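The lines below spell out each chain.
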Amino acid sequence: MAQIVKRAYKYRFYHTPEQAGELGRTFGCVRLVYNKALEERTRAYTLEGRRVSYVESSARLTEWKRSGDYDFLSEVSSVPLQQALRHLQAGFANFFAKRAGYPTFKSCKKSRASTEYTRSAFRWRDGALTLAKMDAPLDIRWSRPLPEGAEPSTVTVSRDAAGRWFVSVLVEETITPLAPVDAAVGVDAGIAALVTLSTGEKVTNPGHERADRRRLAKAQRALARKEKGGSNRRKARLQVARVYARITDRRRDHLHKVTTRLVRENQVIAVEDLAVRNMVKNHSLARAISDASWRELRRMLEYKAQWYGRTLSVAERWFPSSKLCSACGALRDKMPLNVREWVCACGAVHDRDVNAAKNVLAAGLAESRNACGAGVRPQRESSQAGNRR
């Protein structure tokens, strides 16, 4: 059954000097309003033990505009400022519901520069987007078309660390599920191979960060030599950011291609519940794990499977997929990372990653059944001795 989802389409655009000035002022005002509202909420919560509502924050914003110190807030569109207060309200709601940490202040150096416009603050006409306080539409590079007849409900303008400007257009889109297929696949995430499938196929990890490591190191050395506060340091920092942007863009593009293919070809996709946050604490593997971006891979699989009528099955975190023989169910005591192939007592020769993918698929498909038909948690046995304990 087709479903209507809210989907964001992101495009790069090129600004005029006037548009850059207006957006720069808006970025600064949004950050100021967010930080002042957060400061007052924190003071009220710490000293008085009370929670400040969005209505109170909005009233305070009106007072700030009328005061002599912050009257410049009236020079930009009021909608982005109100949206900043709404985002802060959502942050506190998530904090009190224990879904997130306490909201933090926005930094002009570390925080991403962005601002959000709702329908009353932009004009959409004949494929041209004009923001409030601007006379000319944005010069957008339409790399892909919006859905036919789609009307933007929210527009987010952002500038990344590399100095590139983007506009994200939120629209409602009708997505039709893909035709059902009989195929199912288990996916084992790795470093040498980005993913290993239960079919035996291995998708190579391009290692985008590793490929650009020399270029990145050169840019970082140049940045370290520049005097702080100087214009040359700003240029060098921009060059480092451009290298990082290139790595990020290529990695995201590859992940989209891999996940889209898995969703199109399989009805059921089984993955492991990896504790990535804990795994990156291993300093020997942290850089390679971050470059593989397993968390983003999982996120893409989740929403694409939901959109297109597929099933994403997640094996529990402590499931011994690598140590379990997919042929007989024997469970080895240990499986060091340097062991890439092993032979079970039953005679089966296993590629470590392919065997793990088969077990992940079995755990996801067979309702607590593994690849050999026994329980997922069989009695512990040694594949070396071949005797059941």
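The chain is annotated in an unreviewed UniProt entry as RNA-guided endonuclease TnpB family protein from Nonomuraea antimicrobica.

**Some points on the pairing of strand S4 (residues 128-131)**
Here strand S3 (residues 122-125) pairs with S4 via 4 bridges, running antiparallel. The partner of Arg123 across the bridge, within S4, is Thr130. Taking the residues that link successive antiparallel strands as the turn, the S3-S4 hairpin has 2 residues, and the phi of Asp126 there is positive, at about 55°.

**Section: the nonpolar core**
Among the nonpolar cores identified, the biggest contains 24 residues, and Phe13, Leu23, Leu129, Leu131, Val157 and Val167 are the most heavily contacted of them. Broken down by secondary-structure element, the contributors of at least two residues to this core are strand S1 (3-14), helix H1 (17-48), strand S2 (113-118), S3, S4, strand S6 (154-159) and strand S7 (165-175). Sort the elements by how many residues they give to this core and S7 lands first, with 4 residues. Contacts of Phe13, omitting those with residues within four sequence positions, involve Leu23, Leu138, Asp139, Ile140, Val157, Trp165, Phe166 and Val167.

**Here we look at the sheet that holds S7**
Spatial strand order, S2-S6-S7-S1-S5: 5 strands in an open sheet with antiparallel pairing. Every other strand in the sheet has two partners, leaving S2 and strand S5 (139-141) as the edge strands with one partner each. Each adjacent strand pair in this sheet contributes to an overall mean axis angle of 35°, direction not counted. The pairing of S2 with S6 spans 6 bridges and is antiparallel. Considered in S6, the bridge of Ala113 is made with Arg159.

**Focus: helix H10 (residues 352-365)**
Taking 1.5 Å of rise per residue, 14 residues should cover 20 Å, and H10 covers 20 Å from first to last C-alpha, within 8% of that figure. Every buried residue belonging to H10 is among Arg352, Asp353, Val354, Asn355, Ala356, Ala357, Asn359, Val360, Leu361 and Ala362, and all of these are buried. Where H10 is buried, its residues contact strand S8 (184-189), strand S9 (193-197), strand S10 (202-204), strand S11 (268-272), strand S13 (341-343) and strand S14 (349-351). Measuring from the backbone nitrogen of Asp353 back to the side-chain oxygen at the start of H10 gives 3.0 Å, which picks out Asp351 as the cap.

**Considering the state of the cysteines**
Under the definition given, this model contains 0 disulfides. Note on Cys325: no disulfide assigned, nearest cysteine sulfur contributed by Cys344 at a separation of 3.6 Å.

Cut-off values and rules
- Residues numbered from 1 in each chain as written.
- Predicted model: local features only at pLDDT ≥ 70, side-chain atom pairs only at ≥ 80, totals over all residues.
- Heavy atoms only, no water.
- Pairing = 2+ DSSP bridges.
- Helix = DSSP H or I, 4+ residues; strand = E, 2+ residues; numbered from the N terminus.
- Core = buried A, V, L, I, M, F, W, Y, C linked by side-chain atoms within 4.5 Å.
- Buried < 20%, exposed > 50% of the residue type's maximum accessible area, 1.4 Å probe, protein only.
- Contact = heavy atoms within 4.5 Å.
- Axes fitted to C-alpha atoms, helices over the stretch in contact; angles between N-to-C directions.
- Expected span 1.5 Å × (residues − 1).
- Polar contact = N/O pair within 3.5 Å; in protein donor to acceptor, adjacent residues only side chain to side chain.
- Disulfide = S-S within 2.5 Å.

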